[in-house]
Structure formats: structure tokens, C-alpha cells
Amino acid sequence: MSEFKGKLFTFSAPSGAGKTTIVRHLLRQEKLNLGFSISATSRAPRGEEVDGVDYYFMTKEDFINKVKKDAFVEWEEVYHNNFYGTLKTEVERIWSQKKHVIFDIDVVGGLRIKKKFPQRTLAVFIKPPDINELIRRLKKRATESEEKVKMRVAKASVEMALAPQFDTIILNDDLQKALKETEQVVENFIKK
Ligand code: 5GP
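Student: Explain the site of the ligand here, please?
Tutor: Among the 17 residues in the neighbourhood of the ligand, the closest are listed as Lys19, Arg43, Tyr55, Tyr84 and Asp104. The contact in question runs from an oxygen atom of the ligand to an N or O atom on the side chain of Arg46, over 3.2 Å. For the ligand, whose unbound accessible area comes to 510 Å², protein coverage reaches 94%. Looking at the shell around the ligand, the elements that each hand over two or more residues are β5 (72-79) and β6 (82-87). Taken together, the residues that form the shell around the ligand break down as 5 nonpolar, 4 polar and 8 charged.

Structure below.
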């Protein structure tokens, strides 16, 4: 039997582009054999989020201690005072289960993973059809204050500019089509 060589699939996009929906869909496809990289974050849980499932929620102090101990593959202050990062133990946990790792990660983080594991990573960018549609989607997500929505919209234009650096860009103008397309690119990269 050939030795298992785990791959990494990073999914990045401006907030509201449908990235999380796509990642969840891929995780349900058993043939793809994917494990979700649960990030550590210092932000508070939102809605139905569960510690150890959606994120490892921790205080800013705990997060910074882990940074000092070099526990992260990558980390980022994605939003002011809100830290997010991928723990080294997380990638090891998923690979030890003989699964490929899938990340829901910001644009900068996705590119960092790619740089660290260039051969094993497929960095995917999910592109929203247009910025107005994105604002509409962000506003529909009523869990956040107007200020936070504005912050995310501003960040989106910066992120759009980094899209050409990704391995693959998937346009999410038709969700069913985007789901099929992503399934295909993931499957092809696993076979490589
Ligand atoms: P949210 O607060 O909406 O869950 O996530 C905010 C942003 O942080 C999203 O773009 C999400 O993909 C990103 N993010 C989640 N985990 C990580 C991580 O481990 N590292 C980085 N760099 N970004 C992350």
C-alpha cells in the first residue's frame, strides 16, 4: 500500500462570498476524505458556534502565549484585536487520520500556507460575482453590528486585489456550479 501523502486545501474569499458554504459542502463529500482545520481565535463565539468544532476559542492572552511558543503554522490579526491562526497540532491531527486538510482561512493566511507547503497546497480563492451583491449578503448576516459589516466590506476590496496570487479562482455566481467546480479541482489535486 502506498504511503498516505496529505494535501492541504485553503479556501479564502472576501467575507460573504460563500466560502463557508462551499467548504461545508466539500466536507460532506466522503470520497474527498477531507478534515476541517479548526482554527484558534480570540474572537467571541457567534450564534450557534461550538468550541472545538467551529473554532478553538481562547483569550487574547492565551493566543499570544501560543504565538510565543511557536505553536502556529500561520496566524493573523484578521480584524482589529481579533486573532486567528492554524495550530501545528491541527494539521498533524488531520494528517494522522489519513485525511487531507481543508481550511476556511483569510486571504493572507491562505497564501502563507501555500508558501510553507508549496507542493502539497492548493490555494483556492472564491470570488463573489460583484461587490454590491457581497454587501447585500453581508448585511443579511444580522449577527453583527453595522460597524463590523463596514469593516468587512472595506477589507473585501483589498482581498479582491490578491486573487491573482491563488492557484485557482472559483466564481460564485451560481452556487451549484461553484460547488461542482470546487469538487472537481479538489479531486484533481488529490490525484496529483
Ligand atoms: P469569522 O470571524 O467570520 O469566522 O472569520 C473571519 C475571517 O478569518 C475569515 O476570512 C476566516 O476564513 C478567517 N480565518 C479563520 N481561521 C483562520 C486562521 O486560522 N488563519 C487565518 N489567517 N484566518 C482565519
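Student: Quick question: what am I supposed to make of the pattern of salt bridges here?
Tutor: Close approach of charged atoms lets side chains of opposite charge pair. What the rule picks out here adds up to 12 salt bridges. Of the charged contacts, one joins Asp104 and Lys19 as a salt bridge, the two residues approaching to 3.1 Å between their closest N and O atoms. Pair noted here: Asp104 is in strand β7 (residues 100-104) and Lys19 is in helix α1 (residues 19-28), with a separation of 85 residues, a long-range link. The exposure class assigned to Asp104 is buried, which follows from its relative accessible area of 18%. For Lys19, a relative accessible area of 13% translates into the label buried. Across the salt bridge formed by Lys114 and Asp167, the nearest N and O atoms sit 2.9 Å from each other. Note that Lys114 is positioned in helix α4 (residues 107-116) and Asp167 in the loop between α6 (146-160) and β9 (168-171), a separation of 53 residues in sequence. Here Asp167 falls in the partly exposed class, since its relative accessible area comes to 38%.

Student: Sorry if this is basic, but what is going on with the sheet that holds strand β2 (residues 34-36) here?
Tutor: The strands that make up a sheet pair up through hydrogen bonds in the backbone, lying either parallel or antiparallel. Reading across from one edge, β2-β7-β1-β8-β9 is the order of the 5 strands in this open sheet, with parallel pairing throughout. Each edge of the open sheet is held by one strand with a lone partner, namely β2 and β9. The average undirected angle you get between the axes of adjacent strands in this sheet is 25 degrees. Strand direction decides the pairing type here: strand β1 (residues 8-12) and β7, joined by 4 bridges, are parallel. Bridge assignment links Phe11 to a residue of β7, and that residue is Asp104. Sitting on the sheet, helix α3 (residues 88-96) touches β1, β2 and β7, and the angle it makes with β7 is about 140 degrees.

Student: Help me understand the packing of helix α5 (residues 131-140) against α6 in this model?
Tutor: A pair of packed helices can be characterised by two numbers: the angle between their axes and the separation between those axes. Between α5 and α6, the least distance of the axes is 10 Å, while the angle of their chain directions is 155 degrees. Here α5 lies roughly antiparallel to α6, going by the angle between them. As for the relative orientation of α5 and α6, their crossing is right-handed in sense. Contacts between α5 and α6 pair Ile131, Leu134, Ile135, Leu138 and Lys139 from the former with Val149, Arg152, Val153 and Ala156 from the latter.

Student: Mind showing me how you'd approach the pairing of β7 here?
Tutor: A regular strand places its side chains on the two faces of the sheet in alternate fashion. Across the 5 residues that make up β7, a large majority, 5, are buried. Alternating positions in β7 separate into two faces, His100, Ile102 and Asp104 on one and Val101 and Phe103 on the other, with burial throughout. Judged from the 3 bridges that link them, β2 and β7 form a sheet pairing that is parallel. Counted as the bridge partner of Leu34 is His100 from β7.

Student: Please explain the nonpolar core as it appears in this structure.
Tutor: Most often, soluble globular proteins keep nonpolar side chains buried together rather than apart. Residues Phe9, Phe11, Leu26 and Ile126 are the most contacted members of the largest nonpolar core, which totals 18 residues. Of all the secondary structure elements, the ones that give two or more residues to this core are β1, α1, β8 (121-127) and α7 (175-191). If one sorts the elements of this core by residue count, α7 sits on top with 4 residues. With residues up to four places along the chain from it excluded, the contact list for Phe11 reads Lys19, Ile22, Val23, Leu26, Ile102, Phe103, Asp104, Ile105, Val124, Ile126, Thr182 and Val186. If you look at the next biggest cluster of nonpolar residues, it comprises 9 residues, including Leu8, Val73, Val91 and Trp95.

Conventions used here
- Residues numbered from 1 in each chain as written.
- Predicted model: local features only at pLDDT ≥ 70, side-chain atom pairs only at ≥ 80, totals over all residues.
- Heavy atoms only, no water.
- Near = heavy atom within 4 Å.
- Polar contact = N/O pair within 3.5 Å; in protein donor to acceptor, adjacent residues only side chain to side chain.
- Areas by Shrake-Rupley, 256 points an atom, 1.4 Å probe, with all protein chains shown as cover.
- Helix = DSSP H or I, 4+ residues; strand = E, 2+ residues; numbered from the N terminus.
- Nonpolar A, V, L, I, M, F, W, Y, C, P; charged D, E, K, R; others polar.
- Salt bridge = Lys/Arg side-chain N within 4 Å of Asp/Glu carboxyl O.
- Buried < 20%, exposed > 50% of the residue type's maximum accessible area, 1.4 Å probe, protein only.
- Pairing = 2+ DSSP bridges.
- Axes fitted to C-alpha atoms, helices over the stretch in contact; angles between N-to-C directions.
- Contact = heavy atoms within 4.5 Å.
- Parallel < 35°, antiparallel > 145°, perpendicular 65-115°, else oblique.
- Left-handed = near helix turned anticlockwise from the far one by under 90°.
- Core = buried A, V, L, I, M, F, W, Y, C linked by side-chain atoms within 4.5 Å.

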